[in-house]
Amino acid sequence: MEDLVLELKKQIIEVLNLEDVQPEEIEDDAPLFGSGLGLDSIDALELIVMMEKNYGIKIKDPSAGKEIFKSIKSMAEFVQANRKK
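The model shown is predicted, which means the values in this text are computed figures rather than measured ones. (Residues numbered from 1 in each chain as written. Predicted model: local features only at pLDDT ≥ 70, side-chain atom pairs only at ≥ 80, totals over all residues. Heavy atoms only, no water.)

Residues L8, I12, M51, F69 and M75 are the most contacted members of the largest nonpolar core, which totals 23 residues. The element that contributes the greatest number of residues to this core is helix α1 (residues 2-15), accounting for five residues. Here M51 is in contact with G56, I57, I59, I68, F69, M75, F78 and V79, once residues within four sequence places are set aside. (Core = buried A, V, L, I, M, F, W, Y, C linked by side-chain atoms within 4.5 Å. Buried < 20%, exposed > 50% of the residue type's maximum accessible area, 1.4 Å probe, protein only. Helix = DSSP H or I, 4+ residues; strand = E, 2+ residues; numbered from the N terminus. Contact = heavy atoms within 4.5 Å.)

Contact pair α1 / helix α4 (residues 72-82): the axes reach a minimum separation of 9 Å and the direction vectors enclose 110 degrees. In terms of orientation, α1 lies roughly perpendicular with respect to α4. Both α1 and α4 take part in a crossing whose hand is right-handed. Counted together, L4, V5, L8, K9 and I12 of α1 and I72, M75, A76, V79 and Q80 of α4 form the full contact between these two elements. (Axes fitted to C-alpha atoms, helices over the stretch in contact; angles between N-to-C directions. Parallel < 35°, antiparallel > 145°, perpendicular 65-115°, else oblique. Left-handed = near helix turned anticlockwise from the far one by under 90°.)

Let us now look at the side chain of Q11. With respect to the element layout, Q11 can be found in helix α1. Judged by its relative accessible area of 15%, Q11 falls in the buried class. A distance of 3.3 Å separates polar atoms of two side chains, one belonging to Q11 and the other to N54. Q11 has contacts with M50, N54 and Y55, leaving out every residue within four places of it along the chain. (Polar contact = N/O pair within 3.5 Å; in protein donor to acceptor, adjacent residues only side chain to side chain.)

Overall, the prediction assigns the protein a mean pLDDT of 93, with 100% of residues at 70 or greater. Of all helices and strands in the protein, the one with the weakest mean pLDDT is helix α3 (residues 65-68) (89), whereas α1 scores best (97). (pLDDT = per-residue confidence, 0-100.)

Under the criterion given, the structure shown has two salt bridges. Between D28 and K9 there is a salt bridge; the shortest N-O distance is 2.7 Å. Taken together, the residues D28 in the loop between α1 and α2 (41-55) and K9 in helix α1 connect sequence positions 19 residues apart. Its salt-bridge partner being K58, residue E52 comes within 3.3 Å of it at the nearest N-O pair. The class of E52 is partly exposed, set by a relative accessible area of 35%. (Salt bridge = Lys/Arg side-chain N within 4 Å of Asp/Glu carboxyl O.)

Here's what the structure looks like:
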């Protein structure tokens with residue numbers, strides 16, 4: 001699971017062009033939206049596309065995204081349970 005968490009951190013930095021952020025600076029349980037990384041709804045769409053492309057996961061219920069993208073840890077747990085690639 002630690003490898004997946006690190007992989008997700010690197011992908012988020014790359015996909016969202018967070019040039020000033022290093023993977024080790026992102027806490028596993030820190031919120032991705034609001035405080036924490038401060039992502040917004042456009043970033044959420046980018047994360048959805050990233051998960052579909054890299055892991056074959058389609059998020060059908062938009063309201064589920066709030067829980068899935070709560071933190072890196074919640075994303076990793078969701079990917080681990082639902083990945084198709």
